[in-house]
Amino acid sequence: MQVPQISESELEVMKVLWELGSATSSQVVERLAPQSDWKPKTIQTLITRLVAKGAVKAESTESKAFLYFPLVSKEEYRAYANSSFLKKMYNGSVNLMLASFVREQRISREQLENLKKILDEEV
């Protein structure tokens with residue numbers, strides 16, 4: 001499946017849907033309103049955009065509310081975002097990215113050791 005381009009704001013809606021599995025717009029608003037300054041209409045617009053992009057499916061319910069389901073999994077989106085970031089910032093090179101993080105001391109010695117263990121287990 002082609003992962004659609006998702007904005008930072010839309011990603012906040014996706015996080016709620018990933019957490020809940022499915023939700024009405026009221027449930028999404030209930031989750032996002034306290035942690036953002038978005039109005040309910042703004043959140044509904046974000047949901048509508050995600051439906052239009054094919055990232056979310058809307059199903060009508062017996063009431064007039066729609067139930068929204070994520071069509072893109074958190075894992076699919078993470079893989080897409082990682083790949084996109086690598087291509088954009090490091091020409092697709094994991095080596096360049098890691099070297100940059102190590103040089104700029106964004107990775108602690110402990111994190112580096114953990115990374116070495118992960119690499120040893122994977123190879």
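All of the points below concern the structure found in this document. (Residues numbered from 1 in each chain as written. Predicted model: local features only at pLDDT ≥ 70, side-chain atom pairs only at ≥ 80, totals over all residues. Heavy atoms only, no water.)

1. Brief notes about helix 5 (residues 94-103)
- Two or three places before Asn 95, at the start of helix 5, stands the capping residue Ser 93, its side-chain oxygen 3.4 Å from that residue's backbone nitrogen.
- Downstream of helix 5 by a residue or two, Gln 105 has a phi angle that is positive, lying close to 55°. (Polar contact = N/O pair within 3.5 Å; in protein donor to acceptor, adjacent residues only side chain to side chain. Helix = DSSP H or I, 4+ residues; strand = E, 2+ residues; numbered from the N terminus.)

2. Let's talk about the pattern of salt bridges
- For the structure shown, the criterion picks out five salt bridges.
- With a closest N to O distance of 3.2 Å, Lys 15 and Glu 12 form a salt bridge. Residue Lys 15 and its partner Glu 12 are located together in helix 1 (residues 8-20), separated by three residues, close to a single helical turn.
- Lys 15 gets classed as partly exposed once you look at its relative accessible area, which sits at 40%.
- Glu 113 is paired through a salt bridge with Lys 116; the nearest N and O atoms lie 3.6 Å apart. (Salt bridge = Lys/Arg side-chain N within 4 Å of Asp/Glu carboxyl O. Buried < 20%, exposed > 50% of the residue type's maximum accessible area, 1.4 Å probe, protein only.)

3. Topic: helix 2 (residues 25-32)
- Among the residues of helix 2, Val 28, Val 29 and Leu 32 are the ones counted as buried. Taken down its axis, helix 2 places every buried residue within 100° of arc, on the same side. With respect to the buried face of helix 2, the exposed residues turned more than 90 degrees away are Ser 26 and Glu 30. (Arc of directions from axis to C-beta.)

4. So, the nonpolar core
- If you look at the biggest cluster of nonpolar residues, it comprises 21 residues, and the most contacted ones within it are Val 13, Met 14 and Val 28.
- For this core, the secondary-structure elements that each account for two or more residues are helix 1, helix 2 and helix 3 (40-53).
- When residues in this core are grouped by element, the largest group, six residues, is from helix 1.
- With sequence-adjacent residues up to four places away left out, Val 28 is seen in contact with Val 13, Val 16, Leu 17, Ala 23, Ile 43 and Ile 47. (Core = buried A, V, L, I, M, F, W, Y, C linked by side-chain atoms within 4.5 Å. Contact = heavy atoms within 4.5 Å.)

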